[in-house]
Amino acid sequence: MDSNQSAPIKKVAISTGGGDAPGLNAVIRAAALSAIARGWELYGIRDGFHGLLLPEEYPDGGLIHLTRERVSGITHLGGTILGTTNRNNPMRYPIIGPDGKIEEVDRTDELVRAFRLHHIDALITVGGDGSLAIASVLSRKGLRLISVPKTIDNDLDKTDVTFGFDTAVGFATEALDRLHSTAASHGRVMVVEVMGRYAGWIALHSGVAGSADVILIPEKPYDINKVVEKIRERDTRGNKFTIVVVAEGAAPLGGAISVVEKEAGKAERLGGVGEKVAAEIHEISGKETRVVVLGHLLRGGSPTALDRLTALRFGAAAVRGLEQGEGGVMVALEAQNVKYVPIEEAMGKMKMVPMDSDTVTTAIDLGISFG
Ligand code: F6P
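Keep in mind that this is a model prediction, so the values were computed, not measured. (Residues numbered from 1 in each chain as written. Predicted model: local features only at pLDDT ≥ 70, side-chain atom pairs only at ≥ 80, totals over all residues. Heavy atoms only, no water.)

**Overview of the domain arrangement of the chain**
What counts here: As annotated, the domain borders come from an automatic or database domain assignment. Pairs of residues are marked as contacts when any of their non-hydrogen atoms sit within 4.5 Å. Throughout, the accessible surface (probe 1.4 Å) given up by two parts as they are put together, summed over both, is called the buried area.
One can read the domain layout of the chain as domain 1 (3-163 + 303-346) and domain 2 (165-300). With centres defined by C-alpha atoms, the gap from domain 1 to domain 2 works out at 33 Å. Facing 18 residues of domain 1, the contacting portion of domain 2 comprises 16 residues. Here domain 1 meets domain 2 over a buried area of about 1400 Å², counting both sides, of which 49% is carbon and sulfur. Together, Arg-87, Ile-152 and Asp-153 form the three largest contributors to the area buried by domain 1 at its contact with domain 2, with a combined 39%.

As structure tokens, this is what we get:
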């Protein structure tokens with residue numbers, strides 16, 4: 001691979017890494033068609049970078065030629081035709097050491113050599129914060145690359161939005177719509193736990209759009225007594241049911257977030273706060289309470305039109321950027337326009353919900369409680 005950002009390009013690779021998000025296939029299609037239009041070839045790496053690190057595990061050698069036919073009819077498909085992983089980070093690749101214990105090794109040099117071996121001139125990485133960190137190292141090692149941001153959580157800095165978020169919010173909103181009638185019929189409290197990791201974007205947007213009564217997000221530690229106050233206030237007004245949306249990363253005042261699994265060297269898995277909130281509501285108020293955890297349903301299914309459009313724009317912009325000599329940058333959206341920001345500026349920072357934002361203010365005006 002040539003680190004000269006203006007050398008002619010013939011062959012480009014693309015990888016999708018981290019948790020999947022609706023819209024990944026749209027990025028792949030847009031990048032492939034934009035590359036073909038320039039007379040370039042696009043190759044997809046299987047399962048993040050795995051296809052290049054362990055080609056013997058794949059009957060196709062770990063690289064897929066993304067021809068016009070191969071990317072036909074995939075814009076509307078959820079997931080990624082390339083496969084993805086949030087394990088086996090090439091910077092900290094787990095291997096079994098001589099003493100039989102798992103140890104981590106840096107395989108990024110090997111990866112750079114694999115790109116050279118395959119005569120790949122440039123790389124497009126599609127992923128979240130973890131993928132940006134890998135891209136930054138590969139870029140410093142001389143790879144010509146552009147990153148495309150992805151996450152349903154919408155928590156990546158330096159871009160107004162990431163694709164997958166709109167689909168997740170749409171699904172959560174529909175779930176809230178459906179829960180209203182059953183909650184009202186039974187006069188129950190329904191607690192709905194949504195993903196979002198350490199940010200409350202999905203909970204906030206779906207909660208407002210889906211007419212929740214309480215929204216609990218990581219940006220504001222909650223007081224369970226305030227949640228119960230809201231339930232009682234509704235009861236007094238004759239609304240015997242209450243819908244509570246809780247982000248998986250929400251935590252009580254002075255308390256910790258709920259973690260399902262914490263393994264050394266891996267991102268912790270969040271979950272369980274819905275059960276906790278429901279149990280406390282029941283204990284304090286005596287109300288019948290049920291919990292729904294939307295979990296990975298938020299990541300599946302067909303991307304919305306908005307997510308497809310953002311993803312297609314990002315995929316095409318990645319190829320255009322490479323053509324224009326950009327490198328070591330992430331495609332971003334600012335005020336509806338695509339731009340390129342240095343990867344180092346975008347990585348490692350989380351975009352949290354600003355508590356003085358218009359959406360939060362709107363929620364408060366609507367009488368929604370943040371606990
Ligand atoms: O980052 C996307 C996300 O879906 C988070 O909202 C969630 O916490 C996490 O990934 C779940 O990861 P996994 O797919 O490893 O369960």
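**Looking at the side chain of Thr-16**
Basically, it comes down to this: Runs of H or I in DSSP of at least four residues are treated as helices and runs of E of at least two as strands, each being numbered from the N terminus.
In this fold, Thr-16 is placed in strand E1 (residues 11-16). Setting aside residues no more than four positions away along its own chain, Thr-16 makes contact with Leu-24, Ile-28, Asp-47, Gly-48, Thr-80, Leu-82, Gly-83, Thr-84 and Val-126.

**Things to note about the packing of helix H6 (residues 201-209) against helix H11 (residues 358-365)**
Inclusion rule: Simply put, an axis is a line fit to the C-alpha atoms, just over the touching stretch for a helix, and the angle between two N-to-C directions goes from 0 to 180 degrees. An angle below 35 degrees is read as roughly parallel, one above 145 as roughly antiparallel, one from 65 to 115 as roughly perpendicular, and any other as oblique. Note: crossing handedness is left-handed where the near helix turns anticlockwise from the far helix by less than a right angle, and right-handed where it turns clockwise. Under the grouping applied here, Gly and all other residues not named as nonpolar or charged are polar, the nonpolar ones being Ala, Val, Leu, Ile, Met, Phe, Trp, Tyr, Cys and Pro and the charged ones Asp, Glu, Lys and Arg.
Orientation of H6 relative to H11, taken along the N-to-C sense of each, is 40 degrees, at an axis distance of 10 Å. As far as their axial angle goes, H11 and H6 are oblique. Our pair here, H6 against H11, has a crossing hand that is left-handed. On H11, the residues touching Leu-204, His-205 and Val-208 of H6 are Thr-359, Val-360 and Ala-363. Partitioned by chemical class, the residues of the contact of H6 with H11 number four nonpolar, two polar and no charged.

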